[in-house]
Amino acid sequence: MEFEYIFEEVRITERNAPRFIINGKEVDIWDGEYRNYHSRSVSDYVRENLLKMERDGIDPFQEIVGKELEKDMVKTALMSGSNILFKGKKGYGKTTFSKSIAKLLPDRILAIKGCRIHDDPTRPVCFSCKKKLLEQDEVELTFVPKKWIRIAGDPMMTTRQLIGGISLQKIREGYDLDHPEVFTPGRVLKAHRGIAYFDELGSIPSSLQTLLHELLEERQITTPEGDIIPMKIDTLVIASTNPANYRGVSDIKEPLLDRMEQIDIGPPDTLEEEIEIGLRNMAIKADVIPEWHLKILAGAVRCMRSKNCRYAGRIEVEPSCRATIKVFDHVAASALRNGREAVMLADYGKDYSNVKLAFKSRFEVDYEEELSKDLVIHEIVNDSIDTVSGEVYSAIPRSIFGGMMEELSDMGEIDVYSENGLKECKNLWAFVSSMCRRRREVYSALEITLEAIARCTGLVERTSDGVYVYTAYDR
Ligand SMILES: [Zn+2]
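Residues numbered from 1 in each chain as written. Predicted model: local features only at pLDDT ≥ 70, side-chain atom pairs only at ≥ 80, totals over all residues.

The domains assigned to the chain are domain 1 (3-264), domain 2 (271-392) and domain 3 (396-470). Between the C-alpha centres of domain 1 and domain 2 there is a distance of 41 Å. Taken together, the contact between domain 1 and domain 2 spans six residues of the former and six residues of the latter. Partitioning the side of domain 1 that touches domain 2 into residue classes produces two nonpolar, two polar and two charged. (Domains from an automatic or database assignment. Contact = placed C-beta atoms within 7 Å. Nonpolar A, V, L, I, M, F, W, Y, C, P; charged D, E, K, R; others polar.)

Before going further, it helps to examine the pairing of strand S5 (residues 138-145). Consecutive side chains of a regular strand alternate in pointing toward one face of the sheet and then the other. Inspection of the sheet shows strand S1 (residues 19-22) paired to S5 by four bridges, in the parallel sense. By the bridge assignment, Arg-19 is partnered in S5 with Glu-138. Bridging between strand S4 (residues 108-112) and S5 involves five bridges; their strand directions are antiparallel. Bridge pairing links Ile-112 to Leu-141 in S5. (Pairing = 2+ DSSP bridges. Helix = DSSP H or I, 4+ residues; strand = E, 2+ residues; numbered from the N terminus.)

Looking now at the environment of Lys-71. By the element assignment, Lys-71 lies in helix H3 (residues 68-79). Assessed through the 18 C-beta atoms surrounding it within 10 Å, Lys-71 is described here as partly exposed. When the C-alpha atoms of Lys-71 and Asn-49 are compared, they prove to be 15 Å apart, with 22 residues separating the residues in sequence. Sequence-distant contacts of Lys-71, that is, excluding residues within four places in its chain, are made with Phe-61 and Ile-64. (Buried ≥ 20, exposed ≤ 12 C-beta atoms within 10 Å, placed from the backbone.)

The packing of two helices is summarised by the inter-axis angle and the distance between the axes. Direction vectors running N to C along helix H12 (residues 291-305) and helix H13 (residues 321-337) enclose 145°, while the axes themselves pass 9 Å from each other. Viewed along their axes, H12 and H13 form a crossing whose handedness is right-handed. Contacts from His-293, Leu-297, Ala-298 and Val-301 in H12 reach Ala-323, Thr-324, Val-327, Phe-328 and Val-331 in H13. A class-by-class count of the residues in the contact of H12 with H13 yields seven nonpolar, two polar and no charged. (Axes fitted to C-alpha atoms, helices over the stretch in contact; angles between N-to-C directions. Left-handed = near helix turned anticlockwise from the far one by under 90°.)

This paragraph deals with helix H18 (residues 442-457). For H18, spanning 16 residues, the distance from its first C-alpha to its last is 22 Å, which sits close to the expected 22 Å at 1.5 Å a residue. With twelve of its 16 residues buried, H18 lies for the most part within the structure. Val-442, Tyr-443, Ser-444, Ala-445, Leu-446, Glu-447, Ile-448, Thr-449, Leu-450, Glu-451, Ala-452 and Ile-453 are the residues of H18 that are buried. Positive backbone phi, at 75°, marks Gly-458, one or two positions downstream of H18. (Expected span 1.5 Å × (residues − 1).)

One open sheet holds the three strands; their spatial order is S16-S18-S17, and the pairing between them is antiparallel. Sheet topology places strand S16 (413-415) and strand S17 (460-464) at the edges, where each strand pairs with a single neighbour. Averaged over all neighbouring strand pairs, the angle between strand axes comes to 30°, with direction disregarded. Of the pairings in the sheet, the one linking S17 to strand S18 (residues 467-470) comprises four bridges and is antiparallel in character. Each bridged residue has a counterpart across the sheet, and for Val-460 the counterpart in S18 is Tyr-470.

What follows is about the sheet that holds strand S13 (residues 260-264). If you walk across this open sheet you meet the five strands as S6-S9-S12-S3-S13, and the pairing is parallel. Both edges of this open sheet fall to strand S6 (148-152) and S13, since each of them pairs with a single strand only. Taken over all neighbouring pairs, the strand axes of this sheet differ in orientation by 20° on average, direction set aside.

Right, dumping it as structure tokens:
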């Protein structure tokens, strides 16, 4: 008898509904605010909320820095009710993007209490809910928070983990529909009425990809015993894949690919966006990195991705935004540990060890070249300091440059950690002050100014940490 429920499509309306109970109280789910939390599909909600946000001028993807074109494509795909495949290297925000899509779902939904896939009270999917709704006078409901289920692509993943266990055989043997041996939902069924985020979809065994396709397209599952069971689950699939896994041929099976819209997610388009992403995601919430150091460090990361990098041909795996985030963290950590209010060159560490700490595990070089990563980092950071020094140097007004050099000559030696005699250096002081967003950045600004003069003219020289000596007496 119970077999009927499995294959029957059950629709509950005000006319055939049982009494619905929430927290011991009977409610009319077609009345008042309850109406908003059932009978609508994931894509209904996504469309409604997207349109509402666009009307109100709200960007649903505020977490994503830049990427306007990609955001637009995501919106179009979602409006069209499509699943999305984000393709891109690690660390460029595929997961952040997928999470931000969850904002388009309502904060909570109404579900049948006890249902392991949180069935909608008007369109049940699992057989046990179908039976309850048709046979019982009273059915208890509950609110569940929005669902964003991450499914990590694992080559060892089993059918049971992905889809779950469903056995008609057990029902034939007389097991109750609620029995765990009859039905245990896997990850993708748990994403019913929510978002299923497949992190590295291509890593899921291809036999499971076939099952997944069957579930999404045919809305049914073939059990290991060969029974075909309808499973009209409603889920928005967002998947990610790393082009490094492609090796010429896609690891994602053709029929599954055909069910998704591919959106490429690359590195940030500009240095400013790179810096913004770094700052937003830092673990250390202290605003201690002056702009010049942000530019040097983010610039070094971007150089390693660029075709113009002197090591371009030898870098096989480029560093992602995580390198930027972590290098910001490490120099900030060093400044805090040393009691500095703003990052100085010393915070890069001896031989840039703090920068290496952030970069080394995040890029790969060609082994055959026997090129040490330490050397690559050292050279690239040095190049980046050169670039920013050039910018600082060219920002020095020509009208005060002569005066500045006279002041440096009079001082002979300047310790950037001390203000001794600096106030008398009116030209130097005026320029250094103009660079700072905050008073506490002056030592750092003084240091980068002297470093710029050293690198661009050779008239001063850095002799030890923070000490610059005027070297042009004999000229
Ligand atoms: Zn159910």
